[in-house]
Amino acid sequence: MRTTELVDGFRHSASYVNSHRGKTFVVMLGGEALAQNQFRSIINDIALLHSLGIKIVLVHGARPQIDEALAEKSIIPEYYNGVRITEEDAFKVIKQVVGGLQLDITARLSMSLSNTPMQGAQINVVSGNFVIAQPLGVDDGVDYCLSGKVRRIDVQGLKAQLGNNGIVLLGPVAASVTGESFNLTAEEVATQIAVKLKADKMIGFSSQKGILDSTGEVLAELMPNEAQQILNNLDQESHVCLGTKAFLKASIDACRNGVSRCHFVSYLDDGSLLQELFSRDGVGTQIVTESAERLRRAGIGDIGGILDLIRPLEEKGILVRRSREQLEMEIEQFMLIERDSLVIGCAAFYPFEEDNAGEFACLVVHPEYRDADRGSLLLNNIIGQARVRGYSRLFALTTRSIHWFLEHGFEIVEVDKLPDKKKQLYNYQRKSKILALEL
């Protein structure tokens with residue numbers, strides 16, 4: 001590079017350095033990237049981001065390394081619906097692989113030799129139980145054994161470590177509240193952390209320069225719906241890397257749940273991470289959020305959207321069925337969250353004036369938008385309405401979401417605690433749990 005090019009590039013990066021300083025990035029480094037020669041350069045670039053004042057959570061995968069280690073032990077991987085079934089003998093191998101990779105990454109981030117890009121770097125690498133897992137359980141009679149999913153993220157703990165100028169390093173194995181460990185996907189861990197931390201960016205790596213169009217050119221920017229269409233097409237193509245598909249899906253989920261930008265760059269091209277973040281045009285693909293959501297009171301024109309949202313749960317027996325006519329009479333009791341003219345969440349508030357109480361009912365959030373506490377947003381709005389009316393308590397009936405209500409301060413009560421009118425309508429065959437929140 002000529003001197004003028006170096007100077008020009010450095011000058012043009014200044015605005016990006018300033019805008020990124022103090023921001024939170026979640027970097028997802030898949031097992032495919034860890035296996036490449038560029039791995040060391042990527043770690044060096046991540047250390048550089050840290051030195052520029054960017055708060056980093058680094059989540060690593062281990063998919064190819066796990067498959068290789070299992071093959072060496074003659075353990076045949078089992079899957080159902082694309083999800084790994086993790087039995088005890090396989091999990092022992094997985095924990096060894098994940099632990100080894102975590103130590104390798106920590107060692108690389110700890111290097112500070114002279115005449116290397118890490119010279120003078122003093123990085124505190126922090127790992128811990130910031131992710132709490134739970135088992136996937138049984139699906140269609142298939143037990144996923146020790147495969148799990150994220151139950152909770154310790155947001156305050158993560159923020160404390162990031163505030164202490166550390167890089168948080170996490171892998172795809174996490175502990176549960178029962179003291180067990182479970183095998184997760186790195187993509188889910190990265191997505192959940194990015195959403196709960198309200199990260200400014202989530203970044204992932206692929207063998208390609210980004211998401212390509214039909215002519216092989218990089219698509220610089222995609223909205224989540226556009227990315228979803230591409231993902232649907234990629235699912236039909238077996239030659240596309242599983243990690244690429246997984247991170248693309250994770251990016252769509254993250255953007256739909258509040259992460260404003262997700263970047264996709266190549267782990268084969270040296271410096272692609274820096275070029276993407278500190279140049280005008282970038283070199284990869286970024287997936288950006290759709291237009292802002294609105295929380296508002298429902299109107300008669302929203303009945304179709306509410307019906308589309310609640311019908312699947314009614315058919316499963318999770319919600320009591322409401323007719324269109326009933327919704328028309330009760331529509332003013334509903335609050336909803338709208339995104340690009342799509343109803344993605346709703347809840348109803350039924351007053352019981354004579355008992356100085358209100359009912360929180362019909363809480364539904366679209367399956368693709370459940371990771372950004374939209375249920376809590378609806379609940380807080382209705383709590384506010386109840387308090388304005390001077391009500392002393394709010395109650396709810398549920399058959400499936402008991403823990404959610406308990407986590408939001410409700411307590412389980414008996415039928416006799418219901419308002420008299422509601423008590424007369426209680427369905428003893430349905431056996432809904434009754435929960436109450438003192439206001």
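Parameters at a glance
- Residues numbered from 1 in each chain as written.
- Predicted model: local features only at pLDDT ≥ 70, side-chain atom pairs only at ≥ 80, totals over all residues.
- Heavy atoms only, no water.
- UniProt positions renumbered as here; feature names shortened; annotations may be inferred.
- Core = buried A, V, L, I, M, F, W, Y, C linked by side-chain atoms within 4.5 Å.
- Buried < 20%, exposed > 50% of the residue type's maximum accessible area, 1.4 Å probe, protein only.
- Helix = DSSP H or I, 4+ residues; strand = E, 2+ residues; numbered from the N terminus.
- Contact = heavy atoms within 4.5 Å.
- Salt bridge = Lys/Arg side-chain N within 4 Å of Asp/Glu carboxyl O.
- Patch = residues over 30% accessible without salt bridge, like charges linked within 9 Å, V, L, I, M, F, W, Y side chains within 5 Å.
- Areas by Shrake-Rupley, 256 points an atom, 1.4 Å probe, with all protein chains shown as cover.
- Lys, Arg positive; Asp, Glu negative; His and termini not counted.
- Charge placed at Lys NZ, Arg CZ, Asp CG, Glu CD.
- Domains from an automatic or database assignment.
- Buried area = accessible area lost by both parts, 1.4 Å probe.
- Polar contact = N/O pair within 3.5 Å; in protein donor to acceptor, adjacent residues only side chain to side chain.
- Pairing = 2+ DSSP bridges.
- Axes fitted to C-alpha atoms, helices over the stretch in contact; angles between N-to-C directions.
- Phe/Tyr/Trp six-rings, centres within 6.5 Å; stacked < 30°, edge-to-face > 60°.

As recorded in an unreviewed UniProt entry, the protein chain goes by the name Amino-acid acetyltransferase, listed as coming from Shewanella atlantica. Turning to the protein chain, the UniProt record has this under Catalytic activity (unreviewed entry): "L-glutamate + acetyl-CoA = N-acetyl-L-glutamate + CoA + H(+)". Comment text from UniProt for the protein chain, heading Pathway (unreviewed entry), reads "Amino-acid biosynthesis; L-arginine biosynthesis; N(2)-acetyl-L-ornithine from L-glutamate: step 1/4."

Peer 1: Could you clarify how one ought to interpret the nonpolar core in this entry?
Peer 2: Buried together is how nonpolar side chains tend to be arranged in soluble globular proteins. Judged by nonpolar contacts, the single largest core of 83 residues is most densely connected at Leu58, Ile193 and Met202. Looking at this core, the element that brings in the most residues is helix α5 (residues 88–110), giving nine residues. Setting aside anything within four residues of it in sequence, one finds Ile193 in contact with Val26, Val57, Val59, Val131, Ile153, Leu158 and Leu170. One finds Leu319, Ala357, Ala361 and Leu418 within the second-largest nonpolar core, a separate group that totals 26 residues.

Peer 1: Could you clarify how one ought to interpret the pattern of salt bridges in this entry?
Peer 2: Side chains that differ in charge, positive against negative, can pair when their charged atoms come close. Evaluated as defined, the whole model comprises 16 salt bridges. With a closest N to O distance of 3.3 Å, Glu407 and Arg151 form a salt bridge. With a gap of 256 residues between them, Glu407 in helix α14 (residues 402–407) and Arg151 in strand β9 (residues 148–153) connect regions that are remote in the sequence. Its relative accessible area of 34% is what places Arg151 among the partly exposed residues. As a salt-bridge pair, Arg389 and Glu353 come within 3.1 Å of each other at their nearest N and O atoms. Highlighted residues: Arg389 in the loop between α13 (374–388) and β21 (393–398) and Glu353 in the loop between β19 (342–352) and β20 (357–365), separated in sequence by 36 residues. Judged by its relative accessible area of 41%, Arg389 falls in the partly exposed class. On the basis of relative accessibility, which here comes to 48%, the residue Glu353 falls in the partly exposed class. One network of salt bridges, with partners in common, ties together Glu32, Arg63 and Glu187.

Peer 1: Got a minute to help me understand a negative patch on the surface in this structure?
Peer 2: Taken together, the side chains of Glu78, Glu87, Glu88, Asp89 and Asp143 define an acidic patch exposed on the protein surface. Relative to the helices and strands, Asp89 is located in helix α5. Taking relative accessible area as the criterion, Asp89 reaches 42% and is therefore assigned partly exposed.

Peer 1: What is the right way to look at the domain arrangement of the protein chain in this model?
Peer 2: Reports often express the size of an interface as the amount of accessible area lost when the parts come together. Assigned domains of the protein chain: these are domain 1 (4–288) and domain 2 (293–438). Summarising the inter-unit geometry, the C-alpha centres of domain 1 and domain 2 are found 36 Å apart. With seven residues of domain 1 in contact, the opposing surface of domain 2 contributes 11 residues. In this assembly, domain 1 packs against domain 2 so that about 770 Å² is buried in total across both faces, 26% of it on carbon and sulfur atoms. Applying the counting criterion to the domain 1 and domain 2 interface returns one salt bridge. Our count for the domain 1 to domain 2 interface comes out at three residue pairs in polar contact (both at pLDDT 80 or more). Elements represented by at least two residues in the side of domain 1 that touches domain 2 include exactly α7 (186–197) and α9 (242–256). Looking at which element gives the most residues to the side of domain 1 that touches domain 2, the answer is α7, with three residues.

Peer 1: What am I meant to see in the sheet that holds β21 here?
Peer 2: What holds strands together in a sheet is hydrogen bonding between their backbones, with the strands either parallel or antiparallel. Taken together, seven strands build an open sheet; the order of strands is β17-β18-β19-β20-β21-β23-β22 and the sheet is mixed. Both outer strands of the open sheet, β17 (294–297) and β22 (411–413), are each paired with one neighbouring strand and no more. In this sheet, adjacent strand axes meet at a mean angle of 30° when their direction is disregarded. As paired elements, strand β18 (residues 334–339) and β19 share six bridges and run antiparallel to each other. Bridge pairing links Ile337 to Gly345 in β19.

Peer 1: What exactly am I supposed to notice about the packing of aromatic side chains here?
Peer 2: Note on aromatic pairs: each is described by the distance of the centres and the angle between the planes. In the structure shown here, the tally under the stated rule is seven aromatic pairs. The interplanar angle of 50° and the centroid separation of 5.6 Å between the aromatic rings of Phe352 and Phe395 together place this pair among those described as tilted. Here Phe352, found in strand β19, pairs with Phe395, found in strand β21; they are 43 residues apart in sequence, far enough to count as distant. As far as burial versus exposure is concerned, Phe352 and Phe395 are alike and both buried. A network of ring pairs unites the aromatic residues Phe360, Trp404, Phe405 and Phe410 as a single cluster.

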